[in-house]
Amino acid sequence: MMKNILLYISIVLLSFCTSCSDQYLEIFPEDKITTANFPQNEADIKLTLNGVYALLRESAIYNEGLFGFGVLDGATPNAFNWGNFPITKLGNGQLSATDADIITFRWTRCYAIIFRANYLLKALEQVKLPDAAKNIYKGEAHFLRGLAYSLLADAYGGVPITNTSLSTDEAREIPRATKEATWSQVIADYDVAIQNLGIKAPEIGRADKGAALGLKMRAYLYQNNYEKVLEVSQQIEALNKYALFPSYEGLFKQENENNSEVLFDVQYISGENSQGSFHDQFCGTGTGSFTRGSRYVPTDNLVDAYETIDGSPVDNANKFKNRDPRLEFTVVIPGSYILGFRFPNYLYPGGAFNHPGNRLKHLSARKYRENQLANLPTSGQSAINNIVLRYADVLLAKAEALIELNKNIDEAIGIINRIRTERKDVKITSIPTGLSQSEARIRLRKERRIEFALEGLYWSDIKRWNIGKDIYPVVVKDHLGGVIETKFPNGYLDYYNLLPIPVSELSLNPKLVQNPKW
């Protein structure tokens, strides 16, 4: 399109300047990037690639972002969200197809990634590069496109599939593919990525073979295709690259980023150029001051799910004593310290507890947060990376596959026990062997909930396990025992397993069909 416009302008000018040289039509503005002069070399290709990766950053975490780190747990029993936000409505059964935020943001951001990845693949055909370099860029473009389609499939089911550059009119004529076809596209993109990417990424933060294998494994997991989960998990193990990080607490600290447990994460840096995260502000007690309450707060329902270290019953008179260490590494509990102050005392009388929305005054989120006041970032400038996939997920996916296929329950239990005993700061009673399939399934699902609490995975787990009807209603209480809200008070609504297609997209494309009951 831009080339046509520039050519038209040149022809018009040429009609008034018959003496102009034949080279006139080859002159383009050198101070602007257009499709006429971009891309020209590998530097331009890398710039284009960086533009795709940039869309992964959750700078708009308040819109529930792409991955929903911490925030998406608000749509589950794990967390409470104050205010009448769509993520709150998604979590309590009041969502409407006309709402925005998570409904529209996930759709538009994923298609922006797909559009940019398609543009990059087209650009690779136009720029002369060594085959080795071109293959890596090709692999990363497919990886990022597969990631976008996987997020769409998980959220909406089948979606329009477009793997070429389209005009606006063409984009409005694409019908929805089936859910199965959308997941097939995801796998196909990951396969191209796996074929072209090396074991080591060209730079920190870029995808490698392990990242592509890991997210392919998750794509199969989210389809409950357990035979394929086992197959891909074995390919990940064959890389001999990943291990559990020795400290669960340290896993989510900035100084330990990109460690041996991380298969892929979203890179953030502090600064004023929209390269940091709002996570510390919206999932903590506040950023920059203590006058802003947390929007996303852990619930007692989550806290109560943690076991004791030795497997004994919880002492209700001292409920936080002798608990799984992951509880205090994930949740700021009463009597613990955060930002150098004892929680929750420092918030009285004029601090975050008096914020109109912060009604769970006895709990706050700790995971992915700065714990030192001196390091507290300015709003929107948290530099802590968010982990998309880590080795613990590979282990628990393999264990789940073994259990669901009823192949080797004891081996699965042994894998789960690695999560419970292998880290230096998490040592809790091992699960005994000899369990039935149904008993092992219960232990596995609970372990996933605890291990990945406030990481945004539980929403997808609830849907793929189809357990909403079993865990709701959930009553959320404040620090005095008063009821704040009841999530799905009349029971879970199965059609919540998919988000509604954004109404704005339905109005643009008459071939889109809304998900049932929305």
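What counts, and at which threshold
- Residues numbered from 1 in each chain as written.
- Predicted model: local features only at pLDDT ≥ 70, side-chain atom pairs only at ≥ 80, totals over all residues.
- Heavy atoms only, no water.
- Helix = DSSP H or I, 4+ residues; strand = E, 2+ residues; numbered from the N terminus.
- Buried < 20%, exposed > 50% of the residue type's maximum accessible area, 1.4 Å probe, protein only.
- Salt bridge = Lys/Arg side-chain N within 4 Å of Asp/Glu carboxyl O.
- Axes fitted to C-alpha atoms, helices over the stretch in contact; angles between N-to-C directions.
- Parallel < 35°, antiparallel > 145°, perpendicular 65-115°, else oblique.
- Left-handed = near helix turned anticlockwise from the far one by under 90°.
- Contact = heavy atoms within 4.5 Å.
- Nonpolar A, V, L, I, M, F, W, Y, C, P; charged D, E, K, R; others polar.
- pLDDT = per-residue confidence, 0-100.
- Core = buried A, V, L, I, M, F, W, Y, C linked by side-chain atoms within 4.5 Å.

## A look at unusual backbone geometry
The peptide bond linking Tyr472 to Pro473 adopts the cis configuration, its omega dihedral lying at 5°. Unusually for a residue other than glycine, Asn258 sits at a positive phi of about 60°. By the secondary structure assignment, Asn258 is in the loop between helix H9 (226-238) and strand E2 (262-266). Relative accessible area serves as the criterion here: at 33%, Asn258 is assigned to the partly exposed category. One non-glycine residue, Lys517, adopts positive backbone phi at about 75°. For Lys517, a relative accessible area of 71% translates into the label exposed.

## What to know about the pattern of salt bridges
Inspection of every chain in the model, using the stated rule, returns 33 salt bridges. Note that Lys89 is salt-bridged to Asp99, the shortest N-O span being 3.1 Å. You can see Lys89 sitting in helix H3 (residues 86-92) and its partner Asp99 sitting in the loop between H3 and helix H4 (102-124), a full ten residues away along the chain. On the accessibility criterion, Lys89 (13% relative accessible area) is buried. A residue is classified by how much of its surface remains accessible, and Asp99, at 14% relative accessible area, is buried. The network of salt bridges with shared partners includes Glu261, Glu307, Asp324, Arg326, Lys367, Arg390, Arg420, Arg423, Arg443, Glu447, Glu451 and Glu455.

## Quick look at the packing of helix H8 (residues 209-221) against H9
Helices that pack against each other are described as a pair by the angle of their axes relative to one another and the distance between those axes. Contact geometry of H8 with H9 gives a least axis separation of 8 Å together with a crossing angle of 165°. Classified by the interaxial angle, the pair formed by H8 and H9 is roughly antiparallel. The handedness of the crossing between H8 and H9 comes out as left-handed. Counting all contacts with H8, which are made through Leu213, Gly214, Lys216, Met217, Tyr220 and Leu221, the residues of H9 involved are Tyr226, Lys228, Val229, Val232, Ser233, Gln235 and Ile236. Grouping the constituent residues of the contact of H8 with H9 by class yields eight nonpolar, three polar and two charged.

## Some details on helix H16 (residues 458-465)
Owing to its 3.6 residues per turn, the α-helix aligns residues three or four sequence positions apart on the same side. Counting buried residues in H16 gives eight out of eight residues, a clear majority hidden from the surface. Taken together, the buried positions of H16 are Tyr458, Trp459, Ser460, Asp461, Ile462, Lys463, Arg464 and Trp465. In the stretch just after H16, Asn466 is the one whose phi turns positive, near 55°.

## Regarding the confidence of the model for the protein chain
Of the residues in the protein chain, 85% have a pLDDT of 70 or more, and the chain-wide mean is 86. Taken together, the stretch residues 286-293 has pLDDT below 50 and engages in 31 contacts with residues farther than four places along the chain or on a different chain. When the criterion is pLDDT under 50, residues 346-357 qualifies, and its contacts beyond four places in sequence or with other chains add up to 27 contacts.

## Here's the deal with the nonpolar core
Counting residues in hydrophobic clusters, the biggest one holds 113 residues, and the most contacted among them are Leu56, Phe67, Leu90, Phe143, Leu152 and Phe264. For this core, the leading source of residues is helix H5 (residues 131-156), giving 13 residues. The residues contacting Phe143, other than those within four sequence positions of it, are Asp189, Tyr190, Ala193, Ala207, Ala211, Ala212, Leu215 and Phe264. Within the second largest apolar cluster, 14 residues are counted, among which are Val297, Val303, Ala365 and Leu454.

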